[in-house]
Amino acid sequence: MPPAEASSDGDLIIASRNGDLYALEMLIQRFQQVLYLNVQRYTNETFLAQDIVQETVVRAFQALDRLHGPGRFGAWLKPYGQEQISISSVGFTACFGMP
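Residues numbered from 1 in each chain as written. Predicted model: local features only at pLDDT ≥ 70, side-chain atom pairs only at ≥ 80, totals over all residues. Heavy atoms only, no water.

J.: When you look at the pattern of salt bridges in this model, what are you seeing that I'm missing?
T.: Side chains that carry opposite charge are capable of pairing whenever their charged atoms lie near each other. Taken as a whole and judged by the stated rule, the model has 2 salt bridges. For the salt bridge of R30 with D9, the shortest nitrogen-to-oxygen distance reads 2.7 Å. Linking R30 in helix 2 (residues 21–43) with D9 in helix 1 (residues 9–17), this pair joins segments that are 21 residues apart in sequence. Under the relative-accessibility criterion, R30 is labelled partly exposed at 29%. When its relative accessible area of 18% is taken as the criterion, D9 is described as buried. (Salt bridge = Lys/Arg side-chain N within 4 Å of Asp/Glu carboxyl O. Helix = DSSP H or I, 4+ residues; strand = E, 2+ residues; numbered from the N terminus. Buried < 20%, exposed > 50% of the residue type's maximum accessible area, 1.4 Å probe, protein only.)

J.: Help me understand the environment of G81, please; the structure alone is not making it clear to me.
T.: Looking at where G81 falls in the secondary structure, it is placed in helix 4 (residues 73–96). With a relative accessible area of 2%, G81 lands in the buried category. Spatially, the C-alpha atoms of G81 and R59 are 9.4 Å apart, while their sequence positions differ by 22 residues. Every residue in contact with G81, bar those within four places of it in the chain, is listed here: L35, I52 and T56. (Contact = heavy atoms within 4.5 Å.)

J.: In this structure, what is going on with helix 1? I would like to understand it.
T.: Buried residues of helix 1: D9, G10, L12, I13, A15 and S16, and no others. Downstream of helix 1 by one or two residues, G19 has phi in the positive range, about 95°.

J.: I tried to follow helix 2 on my own but got confused; where do I start?
T.: In an α-helix, one full turn covers 3.6 residues, which means residues spaced three or four apart are oriented alike. A bend of about 40° at F31 is the largest found in helix 2. Here helix 2 starts with a cap whose side-chain oxygen sits 3.0 Å from the backbone nitrogen of Y22, and that cap is D20. Positive phi appears at N44, one or two residues downstream of helix 2, with a value of about 55°. (Bend = angle between axes of the 7 residues up to and from the residue. Polar contact = N/O pair within 3.5 Å; in protein donor to acceptor, adjacent residues only side chain to side chain.)

J.: Honestly, the side chain of T56 in this entry has me stumped. Any pointers?
T.: The residue T56 is located in helix 3 (residues 46–62) in this model. Once residues within four sequence positions are removed from consideration, T56 is found in contact with L35, L77, Y80, G81 and Q84.

J.: Where do I start with the packing of aromatic side chains in this structure?
T.: One pair of aromatic rings is described through two measures. These are the centre distance and the angle between the planes. Tallied over the full model, the rule gives 3 aromatic pairs. A centroid spacing of 5.2 Å and a plane angle of 65° characterise the contact between F31 and F73, whose relative ring orientation is edge-to-face. Placement of the pair is F31 in helix 2 and F73 in helix 4, with a sequence separation of 42 residues. Owing to a relative accessible area of 17%, F31 belongs among the buried residues under this scheme. Centroid distance W76 to Y80: 4.9 Å. Interplanar angle 55°. Geometry classified as tilted. Linking W76 with Y80, this pair stays in helix 4, spanning 4 residues, or about one helical turn. Residues W76 and Y80 agree in their burial class; the two are buried. (Phe/Tyr/Trp six-rings, centres within 6.5 Å; stacked < 30°, edge-to-face > 60°.)

Take it as geometry only, folks, not as evidence of what the structure does.
Right, here's the structure in full:
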């Protein structure tokens, strides 16, 4: 297998499913910044966006076996981020009474 940096998303997904933590780290590094920028755009709050990204990565990792078409990881990851934004927004509103 080529170095993880040059591997396709699909190769990294397969390796991650087989317990390769380095492959998982490379996969996260590929998508973390884009995910963060999308979340930051909705939250407009740096620390909340970082928390949402972290929770999104954890939940996506837990569901990695449900990913069909490993080459489509980025598209598959996006709804997890949107779900975490909704959950966090509800919690933020409940805590601080903001609309």
